[in-house]
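# Chain and residue survey
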Amino acid sequence: MREQVVNAPFPDVGFVFQQPVLLPWRSVLDNVLFSVEMLGLDPRQYRKPAVDLLELTGLAGFETKYPHELSGGMQQRVAICRALLPDPGLLLMDEPFGALDAMTREEMSLELLRIWEERRKTILFVTHSIPEAILLADRVVVMTPRPGRIARVIPVDLPRPRTMDLEFDARFKAHSDEVRSLIFSGRKVRG
């Protein structure tokens, strides 16, 4: 692997932050198109793919709405569309569902699984939720506390397509137990 200095937007990497980070003065469609504008591409050429992504994520009909008119989950879908529009080979997601309520978080996990089934992007997904990691991943990388190092890479051998019912599968529980034991081994319980 060779090192590369990154001092400008990298066209083959999309990024979804913990918060949607939408521009409040731009419509949903214009927020999605912002990613190609930042890459110096002509947004007019990406208008149809942007509308297609909004339809894929259940946001058809919201193109002219503004961020304050959307729920948190809808805003995060816009952020996902923005990251996917330039068609990156790699999608980096830093706890993108962490600020959402439990029901919306589950809904967004299922939405991401559905998008993955259709688009087959490589996704590096950071989460502190063990069930979320196992539901979404083909491999779970468990990190140690400071200094952060890889404790173990756990292959997740669960069938696809995945649903929330998978949490009741014995293999899901075994993966959860393994991740949990790696995270909590050696830690003292404070009382």
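Described in the following lines is the structure provided in the data block. Given the structure is predicted, the values throughout are model-derived calculations rather than measurements.

## Some remarks on the overall build of the protein
- For the protein, the count of helices and strands is six helices and five strands.
- Its C-alpha atoms give the protein a radius of gyration of 18 Å, within 12% of the compact-globule value 16 Å for 191 residues.
- Within the span of the protein, comprising 191 residues, buried residues form 38% of the whole.
- Contacts in the protein between residues far apart in sequence, at least 24 positions, make up 64% of those at least 6 positions apart.
- Carbon together with sulfur atoms contributes 56% to the accessible area of the protein, which is approximately 11700 Å² in total.
- Averaged over its 25 positive side-chain charges, the protein has a centre that lies 6 Å from the centre of its 26 negative ones.

## Digging into the sheet that holds strand 1 (residues 13-16)
- The strand order 1-2-3 describes an open sheet built from three strands, whose pairing is parallel. Of all the strands in the sheet, the pair left with one neighbour each is strand 1 and strand 3 (122-126). Strand-to-strand twist of the sheet, defined as the mean angle between neighbouring strand axes without regard to direction, takes the value 15 degrees.
- As judged from the five bridges shared by strand 2 (residues 90-94) and strand 3, these two strands associate in the parallel manner.

## Things to note about helix 4 (residues 102-119)
- The first and last C-alpha atoms of helix 4 sit 25 Å apart over 18 residues, in line with the 26 Å expected at 1.5 Å per residue.
- Next to the buried residues of helix 4 lie helix 2 (47-56), helix 3 (72-84), strand 2, strand 3 and helix 5 (130-136).
- Its side-chain oxygen at 3.1 Å from the backbone nitrogen of Met-103, Asp-101 defines the N-terminal cap of helix 4.

What counts and how
Residues numbered from 1 in each chain as written. Predicted model: local features only at pLDDT ≥ 70, side-chain atom pairs only at ≥ 80, totals over all residues. Heavy atoms only, no water. Helix = DSSP H or I, 4+ residues; strand = E, 2+ residues; numbered from the N terminus. Rg over C-alpha atoms; globule rule 2.2 N^0.38 Å. Buried < 20%, exposed > 50% of the residue type's maximum accessible area, 1.4 Å probe, protein only. Contact = heavy atoms within 4.5 Å. Areas by Shrake-Rupley, 256 points an atom, 1.4 Å probe, with all protein chains shown as cover. Lys, Arg positive; Asp, Glu negative; His and termini not counted. Charge placed at Lys NZ, Arg CZ, Asp CG, Glu CD. Pairing = 2+ DSSP bridges. Axes fitted to C-alpha atoms, helices over the stretch in contact; angles between N-to-C directions. Expected span 1.5 Å × (residues − 1). Polar contact = N/O pair within 3.5 Å; in protein donor to acceptor, adjacent residues only side chain to side chain.

The quantities given are spatial measurements derived from coordinates; they are silent on function.
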